[in-house]
Amino acid sequence: MRKRMTPLVVGVLAVALTLTGCSGDEPLVEPSPSPTPTETVEPSPSPSPEPSPEPACPIQWPLTGVAVDDEDEIAQIPALAIKIENSPQSRPQMGLEYADIVFEQMVEGGITRYVAVYHSNIPEAVLPVRSGRPQDTAIVAPFHGLFAYSGAQRRFIDQINEAGIQSIIMDSGHAGFRRTPDRRAPHNVIGDPEVFLSQARDDRQVPAPQIFQYACEAGLGTAAATGWPVEQVTARMSGAQSSIWNWDEESGTFLLSNGANPAMSVADVQLSAVNVVLLAIRLEYGQGVPETMLSLRYGRAMIAAGGRFIEARWEKGYHQDPIILLDLEGEEILLDPGNTWIHLVPMHDGGSWTFVDADGNDAIGAGDSAD
């Protein structure tokens, strides 16, 4: 398990070194006295053989941790993020079941939207594509890839582009968007991921960078291996949207419902996740729309995998820095290999989370603080 050096950790180390008053003039270890001629020096014992190192993990897809036989099989394409609607009028969606990582975020009116990130599986089409919001910059920038959306306010587009993200925008005339007559506007924009990827600039990172850390095998991630049993995970995003995950032993995944209704794709597949991550966040309204505050922030987290869950922490540096998931001891968390859904839960604006065990009891109370 790897630790990352965060700004907070660097500061603590600097203070510790100052307090100890170490200098290069003093040795850290007292030298052993040389033996006198009358002393008998015992021969040093033979060193014990070092244990064999643990076998390395197989080559993994960077955004899922799923093993591949050959590194050449990893798609030599950048990550592709697409903004997808999640209002009742937008359902069922198309293509969400292929995403490696999905973020759920609050927008106006208590409804949510998704940022779906694709790399290991590229669908033929995604529906319905919608507009960008200010928090998309902090979500998408760490992937160093492309971001497809229908449009946005000019200031939001400028912010996204200034963070080094390549925008693919329907309103700007970029290729890959069309409208289906089967739905009413604005819930009818279909995106073609292959066409989006064909427009990638040469400076896009190939393959996609690894954002989270993964265990070598299913069941060995931090939550699955050490957590408390859980049957149902609820991320209450607002009074209008609750994302409910029910553990399915047969598939080894959590199955998603929007409230009481199973979340189905156009292909009649219920949306599922190997890892379910809930981050406690704050909303701000300084730009006229709710903005999920992620950059230069930290807070509580809950992580579920393998029918179990753990309490955790999250932290994030600047826009281009990834979200880091840490256990309560400060060690970086390993996710199980597979897809991951991340809910950005506004704990101070009507949001909450609930974990229920097999007996129908609360495994932990609903959180009420992002601190």
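None of these values were measured; they are calculated from a predicted model. (Residues numbered from 1 in each chain as written. Predicted model: local features only at pLDDT ≥ 70, side-chain atom pairs only at ≥ 80, totals over all residues. Heavy atoms only, no water.)

### Examining the packing of aromatic side chains
Rules: Ring pairs shown here join Phe, Tyr and Trp side chains whose ring centres sit within 6.5 Å, with only the six-membered ring taken for Trp; geometry is labelled stacked below 30 degrees between planes, edge-to-face above 60, and tilted in between. The way it works is that DSSP assigns letters per residue, a run of H or I at least four long becomes a helix, a run of E at least two long becomes a strand, and they are numbered from the N terminus.
Inspection of the entire model under this criterion finds 8 aromatic pairs. Where Trp 228 meets Phe 309, the ring centres are 5.7 Å apart and the plane angle is 45°; that geometry is what we call tilted. Pair noted here: Trp 228 is in strand S9 (residues 228-229) and Phe 309 is in strand S18 (residues 308-316), with a separation of 81 residues, a long-range link. Through a chain of ring-to-ring contacts, three or more aromatic side chains come together here, namely Tyr 114, Trp 245 and Trp 341.

### Focus: the state of the cysteines
This is how it is decided: Only a pair of cysteine sulfur atoms within 2.5 Å qualifies as a disulfide here. A simple rule labels every residue: compare its accessible area, found with a 1.4 Å probe on the protein chains alone, to the largest value its type can have, and call it buried under 20%, exposed over 50%, or partly exposed in between.
Per the stated rule, a full pass over the model turns up 1 disulfide. The residue that forms a disulfide with Cys 57 is Cys 216, at a sulfur-sulfur distance of 1.7 Å. With the S-S bond torsion at -80°, the cross-link from Cys 57 to Cys 216 turns out left-handed. Here Cys 216 lies in the loop between strand S8 (213-214) and helix H5 (222-226) and Cys 57 lies in the loop between helix H1 (7-20) and strand S1 (80-85), a separation of 159 residues in the sequence. A relative accessible area of 34% means that Cys 57 is categorised as partly exposed. Residue classification places Cys 216 among the partly exposed positions, given a relative accessible area of 30%.

### With respect to the pattern of salt bridges
When the charged atoms of two side chains lie near each other, side chains of opposite charge can form a pair. Spelled out, the test is: The salt bridge criterion pairs a side-chain nitrogen of Lys or Arg with a carboxyl oxygen of Asp or Glu, the two atoms within 4 Å.
For the coordinates displayed, the defined rule picks out 7 salt bridges. In this structure, the salt-bridge partner of Arg 154 is Asp 158, at a minimum N-O distance of 3.1 Å. Highlighted residues: Arg 154 and Asp 158, both in helix H3 (residues 154-162), separated by 4 residues, approximately one helical turn. In this structure Arg 154 comes out as exposed when scored by relative accessible area, which is 52%. On the basis of relative accessibility, which here comes to 31%, the residue Asp 158 falls in the partly exposed class.

### Remarks on the nonpolar core
What counts is decided by this rule: Here, the term nonpolar core denotes a set of buried Ala, Val, Leu, Ile, Met, Phe, Trp, Tyr and Cys residues that are joined through side-chain atoms within 4.5 Å. By definition in these notes, contact holds between two residues if any of their heavy atoms fall within 4.5 Å.
By size, the foremost hydrophobic cluster in this structure holds 85 residues, and its most contacted members are Leu 279 and Leu 325. Ranked by the residues each element gives to this core, the list is headed by strand S15 (residues 275-284), at 7 residues. Not counting the four nearest positions on each side in its chain, Leu 325 is found in contact with Phe 212, Val 277, Leu 279, Ile 303, Arg 313, Trp 314, Glu 331, Glu 332, Ile 333 and Leu 335.

### A short note on unusual backbone geometry
With an omega of 5°, the peptide bond between Ala 185 and Pro 186 qualifies as cis. Of note in this structure, His 144 is not a glycine but carries a positive phi near 50°. Along the chain, the position of His 144 falls in the loop between helix H2 (136-140) and strand S4 (146-149). The residue Asp 268 is not glycine, and still its phi comes out positive at about 65°. Assignment of secondary structure puts Asp 268 in the loop between strand S13 (261-262) and strand S14 (272-273). Judged by its relative accessible area of 60%, Asp 268 falls in the exposed class.

### Structural notes on the confidence of the model for the chain
To keep things clear, this is the line we draw: A score from 0 to 100, pLDDT tells how confident the predictor is in each residue.
Across the chain, the average pLDDT comes to 86, with 83% of residues at 70 or higher. Contacts for the low-pLDDT stretch residues 1-44, under 50 throughout, to residues beyond four places or in other chains number 22 contacts. Of the regions scoring below 50 in pLDDT, residues 365-371 engages in 26 contacts with residues more than four places distant in sequence or in other chains.

### Some words on the environment of Ala 125
Mapped onto the elements, Ala 125 comes out in the loop between strand S3 (112-118) and H2. Taking relative accessible area as the criterion, Ala 125 reaches 14% and is therefore assigned buried. Placed 67 residues apart in sequence, Ala 125 and Asp 192 show a C-alpha to C-alpha distance of 4.9 Å. Sequence-distant contacts of Ala 125, that is, excluding residues within four places in its chain, are made with Met 94, Gly 95, Ile 190, Gly 191 and Pro 193.

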